[in-house]
Amino acid sequence: MNITRRDFTFGTLVAAACTATGCQRSGSGRDTIAVLFDGLYSPFWVAGHDAIVDSLKARGFDVAEAMSAQDDEKQLSQVKTMLAKGVKGIIMVHTDSKAVHQAIREANRMGVPMVHFNRAPAESDYPSVAIQADNRRITNEAVQSMVDVAKERGGKYKAAVLIGKLGDQNAIARRDGFLDVVDQHKEMIEVVSRIPTDWNEDVAFKGLTNALSAHPDINFIFTSSDFLFPQIMQAMKSADKWYPIGDKRHVIFGGFDGDRTAYELIETKFLDADGVQELQLEAKLCVQAVVDLISGVLDLSQFDKFPHVIPDPGFAIHQGNVNDVRERMWGYQLWKQDQTESLAAKS
Amino acid sequence: MKRLKHLLLSEYLICFVCVGYFAVMALVLGSPWVSRYNLENLLAALLPLLVLAIGQMFVMITAGIDLSVTAVIAFASVVGASLMSQEIGLLAGSSYGFPVALAAMLLVGTSIGALNGFAVAFARMPPFVVTLSTLTFFAGLATWYSAWFVDRYSPNDEQSSSIGDLPDAFTAIWDDWTLPIVATVAIASYLLLSKSVLGHWLYAVGTNPKASRVSGLPVRSTILSAYLICGLCAAIASILYTSQLATGYAELAATKSLDVIGATVIGGTSLFGGKGKVQWVLFGVVFLVLIDSSLSMLSLPSNVVEICKGAVILVAAVLDATRNRIRLTQAL
């Protein structure tokens, strides 16, 4: 096609005028915080995201959001876009703890503080703050509760563990937390299946189904995340292994996160123990950290190694302590809220 | 109507759309969009994608498709990092570590490209099936290799299965050499397509493989060379991405497939073969990067961003079919 010189000149002038007009525009005046997650692929992340965004808005911030679909290169690009947008702070969930270093470096270069929600980066020279649960210790506690149940019941156990994405340090810590405890009871528990899930429901379902076919005598199952419960329940039902506590055929069952399904399963006596991250606390600490970093209350120069980790102690919930600790379980809070709303709707 | 038809047939259509889109976004987003920092970010986002899309263009010109490029990036990344990592690399401390790792990454790319090309050209397997299989295989292999390597050589690393601590000389590639490398790839590809015999063969084979065979062209080796070039481009992109993140990572660029194929098609490279130019690919990549970055800056949810990108690629594919039909009608 032939574009005439007049067409070209006219188009260029219009584009230049638009661009120049854009240069004159200014922002809304309120400070903006970027909230960058790598995905909302489980109730934990959805609830965490909502808690952070609500808290930031309540404190008078504008929120700019983006999801990276577990692609760190894409997330680095999103960090740069947010920095170009002029955000005052960044709260992020990265995927890989080493690949995130360049994003922190870029934020440091632009003088914008970065806080990591739930996953800490690997140690580096780039200053940032992370809010993180002690995954290994919480898993130790949850699995120890399962082992106590096994000891009480007696007999030998064949165990399966569903492992998360191996690029995720939380997944690795939970795997190791599980192995720490069962390895101390080798005479009683034999781990016959380690099922990689890649944090994917389909992969987890197929993996557990295959494991239950290959080892029909599996009677001890731990999942590294509660969001896989529906698939695990389905696989266990198909293998005729879904029975409540008290039934001889009950499989000792544990998980990690503390979501709403976990509470329901504990309440209905299908789940023996669950490691709980105190999500509301983590979200609160996260927002407070970014506010403190912006205002200068928190000074990174006082720390000698990075990331500076603010811990979420977490805890294990099990049949023996459910009534004592459930108020701290975020899944219970969601469950209670739904119950209240449904009662209100009925009345 | 005539002007609209002319515009539709223009090879610079996407270029005009890019300029218009940039201007509209400048109005909507204001000064952050036109800031120097953002322009540098846009350039940084488009350069490695351009290399990938140029490689894909070679394959598409032969009426094929290569879905395995993201697996090439991931596998080359972890192989290279496992050789040159200063902490746990197999060649850590050796002055040969960096160049050997680069060579290994390029070798991985060309080898997988050769495997794809051989299966398509000589075993007559459908490109979609072949490259989907290699995508699955090498993505899985990258994950396994990375986890195995870190477990074996850094058993105390409880933080991740990625491989970090890459040499400064390697990470400097991203800051200092990206533009020259991408420019070299683009110019070499332009010359290869427009000035060399292989370029003419690629277009001929893509337009009509039977006629090419009858005419005595080496159809099989031409197709093989297209996949080889695509694998090489993916390896170069892997070097750039790995250098950018300073980490060898089995999930690296895992979500890039849609962007690569989309950018190639949006620019005007035909899915039916026989048509494609480096400058078209550049327009397609620029447009996709503009959309991605602007929608992120608008803080639209990621699913909306993906819907927009998918819609644009669909429109581009429809446009491709429409242009072909118009040209056919004009020829008759």
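This structure is a prediction, so every number in the text was calculated from the model and none was measured.

K.L.:
Could you give an account of the overall build of chain A, naming the residues involved and the relevant values?
P.N.:
Tallying secondary structure elements over chain A gives 12 helices and 12 strands in all. Principal-axis analysis of the C-alpha atoms places the extent of chain A at approximately 85 × 55 × 55 Å. Classification of the 347 residues of chain A by burial places 56% in the buried group. A separation threshold of at least 6 residues defines the contact pool for chain A, and within that pool the share at least 24 residues apart is 73%. Counting every atom, chain A has about 14600 Å² of accessible surface; 51% of that belongs to carbon and sulfur. When the 38 positive and 47 negative side-chain charges of chain A are each reduced to one mean point, those points stand 3 Å apart.

K.L.:
A description of a nonpolar patch on the surface should follow, citing residues and the corresponding values.
P.N.:
On the surface, Val 24, Leu 27, Val 28 and Leu 298 of chain B cluster together into a nonpolar patch covering about 270 Å² of accessible area. Here Leu 298 of chain B shows up in the loop between α13 (278-297) and α14 (302-331).

K.L.:
Break down empty space enclosed by the protein for me, citing the residues and quoting the values.
P.N.:
Taken as a whole, this structure holds seven cavities of 30 Å³ or more when the rule is applied. Considering only enclosed or pocket space, the largest cavity measures out at about 250 Å³ in volume. Lining the largest cavity are 19 residues, with Ser 77 of chain A together with Ala 45, Val 289, Asp 292 and Ser 293 of chain B positioned closest to its centre. Listing elements by their share of the lining of the largest cavity, those giving two or more residues are α3 (72-85) of chain A together with α4 (36-61) and α13 of chain B. The greatest single-element share of the lining of the largest cavity, amounting to six residues, is contributed by α3 of chain A. Residue classes in the lining of the largest cavity are distributed as six nonpolar, seven polar and six charged.

K.L.:
So what's going on with the nonpolar core? Which residues, and what values?
P.N.:
One finds Ile 90 of chain A together with Trp 33, Ile 54 and Val 285 of chain B to be the most contacted residues of the largest nonpolar core, which totals 121 residues. Ranked by residues supplied to this core, first place goes to α4 of chain B with 16 residues. Beyond its immediate sequence surroundings of up to four residues, Ile 54 of chain B is in contact with Val 185, Ala 186, Ser 189, Val 278 and Val 281 of chain B.

K.L.:
Explain unusual backbone geometry to me, using residue names and the numbers behind them.
P.N.:
A negative phi holds for most residues other than glycine; trans holds for most peptide bonds. A cis amide bond links Phe 306 of chain A to the next residue, Pro 307 of chain A, at an omega of 5°. By the element assignment, Pro 307 of chain A lies in the loop between α10 (279-295) and β11 (308-312). At Asn 118 of chain A, a position not held by glycine, the phi torsion is positive, near 70°. With respect to the element layout, Asn 118 of chain A can be found in the loop between β4 (114-117) and β5 (129-133). In this structure, Ala 253 of chain B takes a positive phi of about 55° despite not being glycine.

K.L.:
I'd like to hear about the pattern of salt bridges, residue by residue, with values.
P.N.:
Residue and element names in this part refer to chain A. Overall, the coordinates contain 22 salt bridges over all chains when judged by the stated rule. Note that Arg 136 and Asp 176 form a salt bridge whose closest N and O atoms lie 4.0 Å from each other. With a gap of 40 residues between them, Arg 136 in helix α5 (residues 135-153) and Asp 176 in helix α6 (residues 169-182) connect regions that are remote in the sequence. Given a relative accessible area of 25%, Arg 136 falls into the partly exposed group. Assessed through its relative accessible area of 13%, Asp 176 is described here as buried. Taken together, the shared-partner salt bridges in this structure form one network comprising Arg 136, Arg 175, Asp 176 and Asp 180.

Here is what the cut-offs are and how they apply
Residues numbered from 1 in each chain as written. Chains lettered and ligands numbered in written order. Predicted model: local features only at pLDDT ≥ 70, side-chain atom pairs only at ≥ 80, totals over all residues. Heavy atoms only, no water. Helix = DSSP H or I, 4+ residues; strand = E, 2+ residues; numbered from the N terminus. Buried < 20%, exposed > 50% of the residue type's maximum accessible area, 1.4 Å probe, protein only. Contact = heavy atoms within 4.5 Å. Areas by Shrake-Rupley, 256 points an atom, 1.4 Å probe, with all protein chains shown as cover. Lys, Arg positive; Asp, Glu negative; His and termini not counted. Charge placed at Lys NZ, Arg CZ, Asp CG, Glu CD. Patch = residues over 30% accessible without salt bridge, like charges linked within 9 Å, V, L, I, M, F, W, Y side chains within 5 Å. Salt bridge = Lys/Arg side-chain N within 4 Å of Asp/Glu carboxyl O. 1 Å grid on protein atoms, 1.4 Å probe; cavity = no way out; pocket = protein on both sides within 12 Å on 5 of 7 lines; lining within 4 Å. Points joined across faces, edges and corners; volume = space filled by probe spheres on them. Nonpolar A, V, L, I, M, F, W, Y, C, P; charged D, E, K, R; others polar. Core = buried A, V, L, I, M, F, W, Y, C linked by side-chain atoms within 4.5 Å.

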